[in-house]
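# Report on the structure
What follows is the residue order along each chain.
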Amino acid sequence: MIRLVSTAALLALLAGCGDGQPFVFDEEAEIDTPTEESETPTDGEGFDGDIEVPPGTTNPTPDTSIMRFEPEGDTGGGFVRSVSYNAAAQSFTVDNLAFDGVGPYQRNDSPDTLAGYAVFRSDQTVTDKVNGKDVQQLDYRAIYGVSSNRTTVDGKRLPVSRFAIVRSGDFTGYGFGGFLYERNGGVEMPTRRDGQAVFVGDYAGLRVFDGQGGQELTEAKMSIAVDFTDFNSSDGVDGVLYDRRAYTRDGTEITVNRSGSRREDAEGTAVLDLPVARFTLAPGSVTDDGEILGTVSSRVTVDGKVTDYEDGTYYGIIGGDLDTGGEVVGVLVMTSSDPRHEGVTAQETGGFILYRDSSR
């Protein structure tokens, strides 16, 4: 059940706002929403295991663009299917979220970027045109990431990769929101499938909670290594998320523990754990179309005992020419018990664009 922190606004309707600005995730692309009859491809065709690729482009190939979005879930995720960015106005439009204003999101005051990705905020109030009264809105934040590389698709010059994440802290559950990520153009696999590659870059995330309201922002470094030798039967993907920092939604840095051993502050309250998170190595982590998928987790030491802390899923797409470079775009979603508050769980959704450039 999704509960508002304030009962002033009831989410009885899920209405969106959008004005068709440039840089729209391709709404005309053929997309597929999984049904109960849908099957995950078997080994040799796609991913292994119980995790399913998010809905989006049907029948992807190495030569085509791919777009994915968060599936609808019981906790409110997956309602965002379309976003657009207006570079001239520095604004961001989100569709299908109620009480997030009637106009585009504007750049957040502090911080306005996380790890180099743009941060936006929805309108705080909307005026009733009949009586002039202000209608309080939910406080949504959005992160939008764009590749520094460009490609041409159907005569249009587009970024190779993009992602967007939208969440609100104005719920006592995780609340409504969503993520999207895409590759424009195709991927050129290495001519010789006997090597490995590492992609490095930055990560930015939004944290929301079940058991209390509030929202936090995170940024980190990230790297992903890929084994090209045998995509479908080897341990194809390895990744690490490290050096995470956290901020309140107003930009104040939060004291965090990155050591992996839980500690307390001067008042005896546990400090937020943001340890290194690692991908779980597993066969069949990559398809020939360049999509990657698997689980991610972290651990902490509590009273001398190592225990599981975060667990979740990563999703991504490899793009570009892997003989000369290439990049990876994706999203990961992790949940954990918040050590600072009893009975509170946190959900962190973060996006990344990682590059193989020798200068990085």
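It should be noted that the structure appears before, not after, this text.
Now for a quick tour of the structure. It should be emphasised that the depicted structure is a prediction, and the values quoted were computed from it without experimental measurement. (Residues numbered from 1 in each chain as written. Predicted model: local features only at pLDDT ≥ 70, side-chain atom pairs only at ≥ 80, totals over all residues. Heavy atoms only, no water.)

Locating Thr-269 in the fold gives a position in the loop between strand E21 (256–257) and strand E22 (272–273). Each C-alpha atom of the pair Thr-269 and Arg-340 lies 6.4 Å from the other, and the pair is 71 residues apart in sequence. When residues no more than four places from it in sequence are discounted, the contact partners of Thr-269 are Arg-263, Glu-264 and Arg-340. (Helix = DSSP H or I, 4+ residues; strand = E, 2+ residues; numbered from the N terminus. Contact = heavy atoms within 4.5 Å.)

Further remarks concern the nonpolar core. Within the largest apolar cluster, 25 residues are counted, with the highest numbers of intra-cluster contacts made by Phe-199, Met-222, Ile-224, Leu-241, Ile-292 and Ile-318. Considering every element that reaches this core, the biggest residue donor is strand E18 (residues 215–227), with four residues. Dropping the residues within four chain positions of it, Met-222 is found in contact with Phe-199, Val-200, Gly-201, Tyr-203, Val-240, Leu-241, Tyr-242, Phe-279, Leu-332, Phe-352 and Leu-354. (Core = buried A, V, L, I, M, F, W, Y, C linked by side-chain atoms within 4.5 Å. Buried < 20%, exposed > 50% of the residue type's maximum accessible area, 1.4 Å probe, protein only.)

Right, let's get into the pattern of salt bridges. Scanning all chains against the criterion turns up 20 salt bridges. Here Arg-207 ties to Glu-348 by a salt bridge, and the two come within 3.6 Å at their closest N and O atoms. Of this pair, Arg-207 sits in strand E17 (residues 196–210) while Glu-348 is found in strand E27 (residues 345–355), placing the two residues 141 residues apart along the sequence. We classify Arg-207 as buried; its relative accessible area is 1%. Take Glu-348: its relative accessible area is 1%, and that puts it in the buried class. Here Arg-262 and Asp-273 are joined by a salt bridge, their closest N and O atoms 2.6 Å apart. Taken together, the residues Arg-262 in the loop between E21 and E22 and Asp-273 in strand E22 connect sequence positions eleven residues apart. One salt-bridge network, held together by shared partners, links Arg-207, Glu-216, Arg-244, Glu-310, Asp-338, Arg-340 and Glu-348. (Salt bridge = Lys/Arg side-chain N within 4 Å of Asp/Glu carboxyl O.)

Across the eleven residues that make up strand E26 (residues 327–337), a large majority, nine, are buried. For strand E25 (residues 305–321) and E26, the ladder comprises nine bridges, and the chain directions are antiparallel. Paired with Ile-317 across the two strands is Val-329, which belongs to E26. Here E25 folds back onto E26, and the loop between the two strands holds five residues, one of which, Gly-326, carries a positive phi near 105°. Summarising the sheet, E26 and E27 pair through eleven bridges and their orientation is antiparallel. Within E27, the residue paired with Gly-330 across the bridge is Phe-352. (Pairing = 2+ DSSP bridges.)

As far as function goes, none of this settles anything; it's purely spatial.
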